[in-house]
Amino acid sequence: MVEDLIRRAQRRSVLNETFRQLAFASAVVIGGLALILIVGTRYLEWWTLALFAAAGVAVGLWRVWRASPNEYATAIRLDENARLSDALSTALFFRTNPARSPGFRKSQRDQAESAARGVDLEVAVPFTMPRMLYVTAGL
């Protein structure tokens, strides 16, 4: 239950970042089109728009890859947003680093499982409107 919740939160985070970078890439493409319209095709050919598109997509993919959180960072963020007092991140930590006391590990895992049942992902990891969409709309 805990790992499934963290995986779903991680997917939502990556999807949110992908939307943000897609808005950035579209702003770069529209900016390139505006530059071609302003300067004219005498100085910039039509294929330069493809260069703007390729550059925007490449930078966007690199940013998504760099900003993608690992499981532990996602668990920490989920704990903060859902106010779980580090229950999920501690359970994830003890999954790979066993505690000296198996009883403590089991009670902490049970606490994390019960806390995970009450988490609403739409509230804890919401989809947000990328601010770059305003730039894209302005262009």
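Above this text you will find the structure in question.
Calculation criteria
Residues numbered from 1 in each chain as written. Predicted model: local features only at pLDDT ≥ 70, side-chain atom pairs only at ≥ 80, totals over all residues. Heavy atoms only, no water. Helix = DSSP H or I, 4+ residues; strand = E, 2+ residues; numbered from the N terminus. Buried < 20%, exposed > 50% of the residue type's maximum accessible area, 1.4 Å probe, protein only. Expected span 1.5 Å × (residues − 1). Arc of directions from axis to C-beta. Contact = heavy atoms within 4.5 Å.

Its location among the elements puts Phe104 in helix α5 (residues 102-117). By relative accessible area, which is 43% here, Phe104 ends up partly exposed. For the pair Phe104 and Trp65, spaced 39 residues apart in the sequence, the C-alpha separation amounts to 36 Å.

An ideal rise of 1.5 Å per residue puts 22 Å on 16 residues; α5 measures up with 23 Å between its terminal C-alpha atoms. Where α5 is concerned, the buried positions are Gln108, Ala112, Glu113, Ala115 and Ala116. Looking straight down α5, one finds its buried side chains confined to an arc of 165°; they lie on one side. Those residues of α5 that are exposed and aimed more than 90 degrees away from the buried face are Lys106 and Arg117. The elements touched by buried residues of α5 are α1 (2-39) and α4 (87-96).

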